[in-house]
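Breakdown of the fold
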There are 4 protein chains.
Amino acid sequence: MNQPVDNRAARDDYYRRIGTQGMTPLWEAMSALVPETPRTPCVPHLWHYDAVRPALMESGTLITAREAVRRVLILENPGMPGSSSITQSLYAGLQLILPGEVAPSHRHTQTALRLIVEGEGAYTAVDGERATMHAGDFIITPSWTWHDHGNPAEVPVVWLDGLDIPLVRFFDCGFAENHPAESQPVTRPEGDAQARYGANLLPVDFRSTRGASPVFAYPYARSREALHRLSKGQEVDAAHGHRMQFINPTTGGPAMPTMGAFVQWIPAGFSGNAYRSTDGTVFQVIEGRGAVEIAGRRFDFGPRDTFVVPSWMPYRFVTQGDETVLFSFSDRPVQQALHLWREERIA
Amino acid sequence: MNQPVDNRAARDDYYRRIGTQGMTPLWEAMSALVPETPRTPCVPHLWHYDAVRPALMESGTLITAREAVRRVLILENPGMPGSSSITQSLYAGLQLILPGEVAPSHRHTQTALRLIVEGEGAYTAVDGERATMHAGDFIITPSWTWHDHGNPAEVPVVWLDGLDIPLVRFFDCGFAENHPAESQPVTRPEGDAQARYGANLLPVDFRSTRGASPVFAYPYARSREALHRLSKGQEVDAAHGHRMQFINPTTGGPAMPTMGAFVQWIPAGFSGNAYRSTDGTVFQVIEGRGAVEIAGRRFDFGPRDTFVVPSWMPYRFVTQGDETVLFSFSDRPVQQALHLWREERIA
Amino acid sequence: MNQPVDNRAARDDYYRRIGTQGMTPLWEAMSALVPETPRTPCVPHLWHYDAVRPALMESGTLITAREAVRRVLILENPGMPGSSSITQSLYAGLQLILPGEVAPSHRHTQTALRLIVEGEGAYTAVDGERATMHAGDFIITPSWTWHDHGNPAEVPVVWLDGLDIPLVRFFDCGFAENHPAESQPVTRPEGDAQARYGANLLPVDFRSTRGASPVFAYPYARSREALHRLSKGQEVDAAHGHRMQFINPTTGGPAMPTMGAFVQWIPAGFSGNAYRSTDGTVFQVIEGRGAVEIAGRRFDFGPRDTFVVPSWMPYRFVTQGDETVLFSFSDRPVQQALHLWREERIA
Amino acid sequence: MNQPVDNRAARDDYYRRIGTQGMTPLWEAMSALVPETPRTPCVPHLWHYDAVRPALMESGTLITAREAVRRVLILENPGMPGSSSITQSLYAGLQLILPGEVAPSHRHTQTALRLIVEGEGAYTAVDGERATMHAGDFIITPSWTWHDHGNPAEVPVVWLDGLDIPLVRFFDCGFAENHPAESQPVTRPEGDAQARYGANLLPVDFRSTRGASPVFAYPYARSREALHRLSKGQEVDAAHGHRMQFINPTTGGPAMPTMGAFVQWIPAGFSGNAYRSTDGTVFQVIEGRGAVEIAGRRFDFGPRDTFVVPSWMPYRFVTQGDETVLFSFSDRPVQQALHLWREERIA
C-alpha cells in the first residue's frame, strides 16, 4: 500500500481519535522507543573541587545541618536540568558537615554510598555502629538501614554522596521514615561489622537477610594497600589500570544491589586504551593528576574532582607524574542482574 | 541559626550562582526525592476491548505491517501523556496482524511478551523456531533473540504486547538491528523448545547462557489445565484466587529477567480482599466478567479488556457468574532482584 | 639419606610404636590414598530381568510386604560383596508389591527414586498425595518426606529402587521414623504437585524449602513424548543419543540433591562413541534391545534389564532394530556440587 | 502369613540361591541400612601433642621429605583401624618439614587444608604464589592446584593436614599427577591473592572458575584480631563462644567445597552448653587449656592438642584461666549442599 497525501490526513485524524482512548501509534515512535544504539540524554561533565568548595562552605553559613536534614549540593547533569540526577538512574552530591553538627537519623528505600573527600573525624552510623571517616574511605548505608552522621571533630568534613534516588523513583517503590531519636543509639563497637563479616570469616549461624554488604565501611587504608600490592604484579589492564569492585563478602557480589562501586589504580605516565560500557559512571579523583577524554572531549582532573561519563561514550585516561587513584560508581549491578550490560574495548 | 527574610533572598541568590556550576540544593527538594511513600505519576485505567477493537481494525486499513514494522496501538497511561508507557517502567500495546502479513525479523535489547487476545493460526518465530499462537497463549521473545511474526491463516490475529522499553531507555542500554531476511530461517521444528526445556527435563550438557526462559511458548491449554487442577484443591488465596507466575524451568525464576508474568484463576462469585504491591501491574482478562476496585474506583471488566493498577494502590476483585482467568505482568523481578519489592495484604 | 636394611627394621619398629598412639605413616600408603586415577572396587554387571523375575515373584510367597516393610531384592555389585551397594555411594533393588498389599508409611534421611518396571495401578504416596504408577514412570520420594505404597490393582507391580543409602551412611547423618498410620492420609488430589510446580508455572508465594523437586512424579508418557519430539531434530549425541536429566523445575537443577536421574533415547542401529565419567551409573532398560560394551566387556541387554557401569570405565552402546530408551541414575549432582566431576569423550 | 520354622529354612535356601545372582534381601538388613539415628563407627579421641611430637621428630630421622613425598603421621580414628581416616569422610595427619627440605610439587583432586602447629618460616606454594606460614595460620591447597612446600628457615615446622581423601575415594573420582619441577615456579608475589581477592574487593573482570577460595592463606594474625574485636561485643554463644567459618569471599560460602573450616574463641572460665551436629569434627587447639566432654567422656586439652568429635555425639567445652582458641574442620559443606545436615542444641 502507498502513502498518498490524503492518507497522512487520514492518519492524523485517526491519531487524534485514538488519542482520546489513551492510545498512540507505535509506528510513529519506533526509532525513539527502540533505538539502534543507546541515546542518552546525559552529557559528560567535570566539577573542579577547587571551584565547588567555596560554594559548599558557603552553604554552611546559609543553613544548618538540622534544618537541611542533609546539607548537600546536588551535582546535576547539564543534559538533564531539573532532574536532580547525574545519570538517568543515579544521584550524586557533595555533603558538608561542620564541627559539632549532627545529620538526623532516618531510613529509606534508597541506598546511599559515601566517598570521603576532605576532612577526618566525622562518623556515619549504620544499624547501631559508628564508623569514623577519613579521606578516601568508602561507606555504604544500605536500603532501609537507620543511618545518621555526626562531626565531633574540629574540621569540616565533606564527602561525595551517591544514591539510587532516580532508580527508586522510576520503580515507584520509595519509602522513608525518621528515627524517633536524632542520633540512633550505639549498640555495637566501632569495627564490629568488619570483624564479623569482612575478615574472610563469617559467623557459623550467619544467614544473609538483605542485598547489601553487612560490611558498611571500607577504609581507604585497606583498599590502598591492596592496590599497592597489585601494582607489584606485572599485568595492568590497558584501559583501566587495576580496577577493582567493592564486594559484599557474604556473596562475592557487588556491595550494593543497585550501585556498583569501584576503585582503580593507574600508574604514572599512563596512556590508556579507549573503553565504553552501558553503565553511565561517576568518577571521584582520590589521588593524582591527569585527563580523561570522553567522546573526544578532554577534561583535565586533579585530586577531589568529580566527573561523569555517560552510558556508551568511549573514554580513556592519560595520567601525569604520580600514581592516580579513582573511585567510581554506576548502576552496573542492575544491568548485569537484568542481563542488559555491555562493554567494549576499543583498540 | 534562624531563617530571617533576607536569608531567603541570600539563598535564592546562592541557588542562582551555584546553578551556573551545575549544582542545586538538596534541602529544597528533599521530600520530592525521598518521599515517605511511593508517589507514582500513573493512574488506574481500563481499556474496553469492544471500544478499542474498531480502532485496531481501522489501523489495518491505514498502514501495512511491513511499513509499520509492528502495527501496534500503544496503551498509554493517562497520567503520563507522551511517554508511550503504561507504568513508569513498562510499555503495553495491542498488535494486529492481518491474513498473509509478515512482521519483519529483528532483535533488540528490549524483552517482549505477547498474550494472544483474538484469533488463531498466526505464529511468532524465536531463534529459528515457530510457535503457532492461540487465544490465551503466552509467548516471550527474549532480549536480543531474532523474532518475527507471520499470519498464514484466514483471520486477523490480535495480541497484547508487553515490553520493558521504558526500563531499557532509563538505563541507556538499548540496541537493535534488523535481520538480513524478512523472516528468519526455521531451523527447529515447532515444539522443540518445549520438549527440550519445558517437560521437567533438560539436556545433560545444558548450560544456561541467558536470563530468559528457553521455553518461549506457554500454551493456554497447559496453563488452563494446571489452573483447573489447582481449583480442585481447597485453599484459594483471599486476595488473588490462585495466582501463578510463569517461570524459567532452567532456573525456577521468572520467565524473563525484567518482567514478571502471571496467570490467575478466580472462582465465580469471588469477593476478594484488598492487596497492594510496589510493582505497577498490567492485567489482561482472558475469561470471565467482574470488577476491580483500584484505590476506591470501580472498573467493570469483561473478556479481552486490559487494565493497569499503579504501584502501591490497593485493589480487589469481585467476580460474577463464571470462573475468571486474568493474565498480568509487571516489573516485579527487577524489584525483587534489587531487594526493593514490597507487598501488603489489607484485611 | 639411603635406606639401609636396618632402616626397614627401624621403620617397622617405629610403625608399631606409633600405632599404639593411633598414628600410621602416610608414606607407606600414599599411592592407595592419592591414586593417579580412580581405582573403584566396583565391577560392571548386568541383571537380566527374565532371570531375576522368578526370584522376585518367589519372594512374594516367602514374606509379606508388611513383615518385610519393603519387599526388595538388593542388587549388589559383585565387586563389593556384603556392602548392599551397587556402586560405592548408591543402592539399588527391585521391589515387588502384590495386589492388595500396602508398604507402610515412613520417612528417612535417605532419598529414594523409583523406576516402574512392570505392572500398573499401584501408587506411591508422598506428603499427602498419591501418584498412580505405570511402566516407565519415574517417581521420587525426597529426603524426610512421608511415603508409602499400595497396590489396589489386580496385578503385581515391580519397580527399581535407587537410594543414597551408602552415601548417607558414609556421612553418618541417617535418621528414620515410622508414620503413626500405616498409610498416610491423602490431603491433596492426584496431579496436584504436577499442576502446582511442573507446568512451567509456580505459585506467586512459592519459596523453596528443600533440595528435591516438589514434582515427585514424572510420568513416562510425558518424558517419552519429549524424547519423541527431540528425535525429530537432526543432532544426536555421538555417545549418548539424546540424553536428558530429570530436573527440579523450581531450580533448574537435578530432581534430587544426591542422585541424578536421566532418560535417554537411542535410535535404532546406533553404534556409539565411547564415553566415561567419574559417576558410576546404574541403567534400567525401558525399551529396546542392544548391547553395552563396558571396559571392553560386552553385555547384551533387552527390556527391563538392569546394568551398572562403574566410575571412569569407558562404555559405548550398540542398538538393534528398535528405538531404545534407557533410564539411569548416579551420584553426579554430588560430584558436581563438590567440583569433583569429570567426563571424557573417547573418539 | 506366619513365619513357621520351615519358612526360615526356605528363606535361607532362597537367600543362598539369589546370592548367586548378585542379590540379597533388604528385609534382613533394614535396620542397618536405614537406622533411626546415625550409627557412626568413629569414636572420640584426643592426641596430646606432647606425646605425639617425639614420634613426629623421630620420623625426621627415619625418612627424608623427598622419599616420603609428604612426611606425615596419619591420625587414625581408633574405631576404624586400617582406614587412614579420622572420620568416615575425613583424613588428618601431622606433617613435619625440616630446615632445608622441600616437599615436591604435585596436584590432586583431593583438597587439603593446613593448620600450622609449630614453627615459622616454611612456605606453602599454590598456583605460583608462596605463603610463609606461622603458628595458627590456616592455608588451603584447593583441588587440582599445583602445590608444594619448602622450609628455608632454621627450625622444624609442623602442621595439621586435613584432606577429603576418604570422600574422594568414596566417590571414585581421584586423580593425581606430579609437577615436572620439584618446586613450581613462583609467578606472583607473596600476598597477591589476599590483595586481589581477600580485601573486600575483586577485580572487575573476575569470574569464578572453581569451588574453593582463591584466597589460600588466612593468617592467624588477621583471624585472631577479628576474634578479639568480636569478644568486645556482649553476646557469646552458650555452646560455641564465638565460632566463625573461614569463607570464600568470592561467594560467601565455605572456603572449600568439601571441608568446612572454623575458628572459635572461648572466654576464660567458660562452662558451655552441650551441642551436637551430624558433621564429625576434628579440633586443633591453638591457644588455651580446658576440657571437652564428648558423649559423657572427658578429655583434657592444652595447646597443640588434636581431638575428634564423631557425628551426632553431644559435646561441651569447659575452659580454664586463659582465652581459648580452637581451629576445627568437618564435612559440613557437603552435608549442607546435600540438605542432609542437622544440629541440635541441648539445654
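Refer to the structure printed above.
So, here's what we can say about the structure. (Residues numbered from 1 in each chain as written. Chains lettered and ligands numbered in written order. Predicted model: local features only at pLDDT ≥ 70, side-chain atom pairs only at ≥ 80, totals over all residues. Heavy atoms only, no water.)

Scanning chain A from terminus to terminus reveals eight helices and 25 strands. If one aligns the C-alpha atoms of chain A with their principal axes, the spans along those axes are about 75 × 50 × 50 Å. Of all intrachain contacts in chain A linking residues separated by at least 6 positions in sequence, the fraction that spans at least 24 positions is 74%. For chain A, the accessible area works out to roughly 11800 Å², and carbon and sulfur atoms hold 52% of it. Distance between charge centroids for chain A: 3 Å, based on 31 positive and 38 negative side chains. (Helix = DSSP H or I, 4+ residues; strand = E, 2+ residues; numbered from the N terminus. Contact = heavy atoms within 4.5 Å. Areas by Shrake-Rupley, 256 points an atom, 1.4 Å probe, with all protein chains shown as cover. Lys, Arg positive; Asp, Glu negative; His and termini not counted. Charge placed at Lys NZ, Arg CZ, Asp CG, Glu CD.)

Our next topic: the sheet that holds strand E6 (residues 112-118) of chain C. Read across the sheet, seven strands follow the order E14(C)-E9(C)-E6(C)-E11(C)-E4(C)-E3(C)-E1(D) without closing on themselves; strand pairing throughout is antiparallel. The two strands at the open ends of the sheet, each matched to only one other strand, are strand E14 (217-218) of chain C together with strand E1 (23-25) of chain D. Contacts from helix H3 (residues 49-62) of chain C reach strand E3 (72-75), strand E4 (91-97), E6 and strand E11 (157-163) of chain C together with E1 of chain D within the one sheet, and its direction differs from that of E4 of chain C by about 55°. (Pairing = 2+ DSSP bridges. Axes fitted to C-alpha atoms, helices over the stretch in contact; angles between N-to-C directions.)

Taken together, the 39 residues of chain A in the interface contact 39 residues of chain D. Buried surface at the junction of chain A and chain D, summed over both partners, amounts to about 3300 Å²; 55% is from carbon and sulfur atoms. Taken as a group, Asn200, Leu201 and Val204 of chain A account for 22% of the area that chain A buries against chain D, more than any other trio of residues on that side. On inspection of chain A and its partner chain D, the count reaches four salt bridges. (Buried area = accessible area lost by both parts, 1.4 Å probe. Salt bridge = Lys/Arg side-chain N within 4 Å of Asp/Glu carboxyl O.)

Residue and element names in this part refer to chain D. Relative to the helices and strands, Arg224 is located in helix H7 (residues 220-231). Residue class for Arg224 comes out buried when judged on its relative accessible area of 15%. If we ignore the near neighbours within four places in the chain, the residues touching Arg224 are Trp265, Glu287, Glu323 and Val325. (Buried < 20%, exposed > 50% of the residue type's maximum accessible area, 1.4 Å probe, protein only.)

This part takes up the relation of the copies chain A and chain D. One copy of the chain maps onto the second through a rotation around an axis plus a translation along that axis. For these two chains of identical sequence, chain A goes onto chain D by a turn of 180° and a shift of 0.0 Å along the axis, with RMSD 0.0 Å. Such values leave the two copies arranged in the relation of a two-fold axis. Both copies present the same face, since 100% of the interface residues in chain A are matched by interface residues at the equivalent positions in chain D. (Least-squares fit on C-alpha atoms with pLDDT ≥ 70 in both.)

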